[in-house]
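Summary of the model geometry
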Amino acid sequence: MAEMQFREALRAAMVEEMERDDTIFLMGEEVAEYDGAYKVSEGMLAQFGAKRVIDTPISENGFAGLGIGAALNGLRPIVEFMTWNFSFVAIDQLINNAAKIRYMSGGQFKVPIVFRGPNGAAGQLAATHNTSTESIYATFPGLKVVAPSNPDDAKGLLKSAIRDDDPVIFLESEVMFGWKGDVSEEKNYLIPIGKARIARQGDAVTIVGHSKSYWVAMKTAEMLAEDGIEAEVIDPRTIRPLDIDTILESIRKTNRCVIIDESNPFASISSEMTYQIQERAFDYLDAPIMRITAKDTPAPYAKNLMEYYMPSAQDAYDACRKVMYVD
Amino acid sequence: MTRKTARASTPPANGEQDPANVIRTEVEYKSFQSDEVSHTDLGLADDQLLDMYRNMLLQRRFEERAAQMYGKQKISGFLHLYIGQEAVSTGVANAMKIGEDSVITAYRDHGIALAMGMTSNECMAELFGKVDGCSKGKGGSMHFFSAEKRLFGGHGIVGGHIPVGVGIAFAHKYKEDGGVCICFFGDGAINQGSFHEAANLASLYKLPVVLVVENNEYAMGTAVHRASAETDLFKQATGYNMPGALADGMDVFDCYRAFSDHIAMARDNQPSLLEVRTYRYRGHSMSDPGKYRTKEEMENKKNADPIIRLKAYLVGHNLATNESLDVIDEDVKREVKASVEFAEKSPQPPLESIYEDVYAQKDYPFLK
Ligand SMILES: Cc1ncc(C[n+]2csc(CCOP(=O)(O)OP(=O)(O)O)c2C)c(N)n1
């Protein structure tokens, strides 16, 4: 184990995989000579050279498509979006090409590519730089969607994503890039895509939270613990496929569930989880499922509005007490 | 004949661009049409010429039959016919190395598939949505694929496949496998941002790609002059600092020569834009009666028919007789007819196969 920042863990995953397999290359805006807009790829140009660490023009549609073509023709690209907000410029490539070519070709072609970059809110950047995209991409069969919450998971999951034969949408978080944690240094450290993590044991209520929301969930659990309430916290880690079984198992124990998700609520991942839970474990629920999400608006700029916009531990705490009928 | 168009008529040596071949302004250029040059001048053998004839005819008869089957509701979805454009597909298939070079195209893909040697059986079965189709019945008319022939699809989003074609070329160069990618799109697609981004990337990274705009004069009902401010589409190449050129898409000799030149340039990592001026006789798709065109225009174009032109050449140069060419036609018709029987008999894909080939893994947890 070594203590690493989230960005260092991501870099370690890419470097180890690129050392192992020379069909892997990294491309994106400012990934090479500038060393990465958020320094995730720092030093990689120096190590791998310009053939494998490639600066692109500001042409999201173009280079996303280029990556897909390269993947079809035997390479394993990692394409960095400076943020996922800019992926919307390339959405045709992700949805109509990456997600569908395997299927439309009757399985003749595969698209082993990772699209990665920061997702969701990163402080007061206002609406165009502040979108949680997980439900958008997760809705398309053919794509896998991964959203780790800590450096160790980031490394293990990114390595799995790079080795995966399908296109993976890998959602990071700008505010988390500097966060530290213990990270495995094992060369073949792979965390399987599609396996949730039970982060905290408890029997009073199940709190589900991925990526940054995981940290809100942990904070909520601590607040509840002060009241003598032991919450179970589950970090799904992977949005698609979703490890619904692990969530259900927990709910069969706690009979209550609160989901924290910084996406906009309408047709979000928390909507999907809620539906799947009621479909499969309705009889185990002692209270309606509650969810704490971003407000149903574009993200505001003003500090107070932005704080109000984001899901808070206080709101989650209140929700937990409500589903337990404590208040 | 010289005309005021431009093409790099010889491949550049050593990857160096001959400045004369980089088209920045219009230049005088000699074309290579069948009424001006002989096939041996182009390095085409007699047999190859007859194969080309057979192949163009196969595409034509296949699609005529497909149209008929569409009328009988054996084929559903969109059906965009290539009739009139066969010189382009046949020209390129003879100029490239099939199985080593790559091709990607839009939804008007039957012609290129057949030209590249995909069988009428697998193509017809795909149109019928059957399990023996080239995409196992999951692609249909717009999405013909063949990993073996390196046909990377038929694609349905106008312009969406152009960056993908450039990426295929990127991988050829990265792997140093000597292959090039030939990327086809229509005159309508050239106005998509994806074309611009892809052309810029291709030139910036010096990728082995030939960007081919098949200018058949219409994007659905929109004539090219109503969509493009500059109707000499090949001139767009200047904006990307790459050679741009024009070929007669109704003449298989000119197509063959142009593709040979441009593929040679691509092998030297010099991307280029090749405009082939061609024409589709049918409507945009089966639902389009094509009322935006006059009868006179249609008649004029049919006089330039690529198959009739090659036939005239073959007979005129004593390489074939009308009778021997009729025998070829009968043979082709038989092949196509048999493909309909094959497609009829091929089973529908099993229902469970709906969950196959979405992901690599077999046990993916779908919502069921
Ligand atoms: C992005 C997108 N917009 C619109 C369409 C609908 N559409 C399909 S084909 C077509 C015309 C394209 O013409 P062109 O590129 O010239 O190709 P051609 O049909 O002449 O071969 C249009 C508008 C589409 N498939 N994709």
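Right above here is the structure, for reference.
Residues numbered from 1 in each chain as written. Chains lettered and ligands numbered in written order. Predicted model: local features only at pLDDT ≥ 70, side-chain atom pairs only at ≥ 80, totals over all residues. Heavy atoms only, no water.

Considerations on the interface of chain A and chain B
With 50 residues of chain A at the contact, the number on the chain B side is 45 residues. The largest per-residue losses of area from chain A upon contact with chain B belong to A:Asn73, A:Tyr103 and A:Met104, which jointly make up 21% of the total buried on that side. Of all elements in the fold, only strand E2 (24-28), strand E3 (53-55), helix H3 (60-72), helix H4 (91-98), helix H5 (101-104) and helix H10 (269-281) of chain A reach the threshold of two or more residues within the side of chain A that touches chain B. Split by residue class, the side of chain A that touches chain B holds 19 nonpolar, 18 polar and 13 charged. (Contact = heavy atoms within 4.5 Å. Buried area = accessible area lost by both parts, 1.4 Å probe. Helix = DSSP H or I, 4+ residues; strand = E, 2+ residues; numbered from the N terminus. Nonpolar A, V, L, I, M, F, W, Y, C, P; charged D, E, K, R; others polar.)

Quick look at helix H1 (residues 6-20) of chain A
All names here are of chain A. Helix length check: H1, at 15 residues, gives a terminal C-alpha distance of 21 Å against a target of 21 Å (1.5 Å per residue), a fit within 8%. Most of H1 is tucked away, with 12 of its 15 residues classed as buried. Listed as buried for H1 are Phe 6, Arg 7, Ala 9, Leu 10, Arg 11, Ala 12, Ala 13, Met 14, Val 15, Glu 16, Glu 17 and Met 18. (Expected span 1.5 Å × (residues − 1). Buried < 20%, exposed > 50% of the residue type's maximum accessible area, 1.4 Å probe, protein only.)

Describing the packing of helix H2 (residues 86-95) of chain B against helix H8 (residues 252-267) of chain B
All names here are of chain B. Remark: H2 packs on H8, axes separated minimally by 8 Å, with the N-to-C direction vectors making an angle of 45°. Relative to H8, the element H2 is oriented oblique. You can see that H2 and H8 cross each other, and the crossing is right-handed. Across from Ala 87, Val 88, Thr 90, Gly 91, Val 92, Asn 94 and Ala 95 in H2, the residues of H8 making contact are Val 252, Cys 255, Tyr 256, Phe 259, Ser 260 and Ile 263. (Axes fitted to C-alpha atoms, helices over the stretch in contact; angles between N-to-C directions. Parallel < 35°, antiparallel > 145°, perpendicular 65-115°, else oblique. Left-handed = near helix turned anticlockwise from the far one by under 90°.)

Overview of the nonpolar core
In terms of nonpolar packing, the biggest core is built from 80 residues, with A:Phe115, A:Ile277, B:Phe185 and B:Leu211 touching the most fellow members. It is helix H5 (residues 162-175) of chain B that provides the largest number of residues to this core, a total of 8 residues. In this structure B:Phe185 touches B:His161, B:Ile162, B:Ile190, B:Phe195, B:Leu211, B:Val212, B:Val213, B:Glu214 and B:Leu273, once residues within four positions along its chain are discounted. Among the nonpolar cores identified, the runner-up in size contains 73 residues, and B:Leu114, B:Leu127, B:Ile263 and B:Val336 belong to it. (Core = buried A, V, L, I, M, F, W, Y, C linked by side-chain atoms within 4.5 Å.)

Quick look at the packing of aromatic side chains
Centre distance and the angle of the planes are the two values used to describe a pair of aromatic rings. Across all of its chains, the model carries 22 aromatic pairs over all chains by this definition. A centroid spacing of 4.8 Å and a plane angle of 35° characterise the contact between A:Phe25 and B:Phe170, whose relative ring orientation is tilted. Remark: B:Phe170 occurs in helix H5 and A:Phe25 occurs in strand E2; the pair is interchain, linking two chains. Given a relative accessible area of 0%, A:Phe25 falls into the buried group. Between B:Tyr359 and B:Tyr364, the aromatic rings sit 3.8 Å apart at their centres with planes inclined by 15°, giving stacked as the arrangement. (Phe/Tyr/Trp six-rings, centres within 6.5 Å; stacked < 30°, edge-to-face > 60°.)

Overview of the site of the ligand
All names here are of chain B. Close to the ligand lie 15 residues, the nearest being Tyr 107, Arg 108, Gly 188, Asn 216 and Tyr 218. Here an oxygen atom of the ligand and a backbone polar atom of Ala 189 are 3.1 Å apart. The contact in question runs from an oxygen atom of the ligand to an N or O atom on the backbone of Tyr 218, over 2.9 Å. Residues belonging to the shell around the ligand are distributed by class as follows: 7 nonpolar, 6 polar and 2 charged. (Near = heavy atom within 4 Å. Polar contact = N/O pair within 3.5 Å; in protein donor to acceptor, adjacent residues only side chain to side chain.)

A few points about the sheet that holds strand E10 (residues 205-209) of chain A
Residues and elements named next belong to chain A. Spatially, E9-E11-E10-E13-E14 is the arrangement adopted by the 5 strands of the open sheet, whose pairing is mixed. Whereas interior strands pair on both sides, the edge strands pair on one side only; in this sheet they are strand E9 (197-200) and strand E14 (290-293). Taking each pair of neighbouring strands and ignoring which way they run, the sheet shows an average axis angle of 25°. Where strand E13 (residues 257-261) lies against E14, 4 bridges are found, and the strand directions are parallel. The partner of Ile 260 across the bridge, within E14, is Ile 292. Here H10 sits on the sheet in contact with E10, E13 and E14, set at roughly 160° to E13. (Pairing = 2+ DSSP bridges.)

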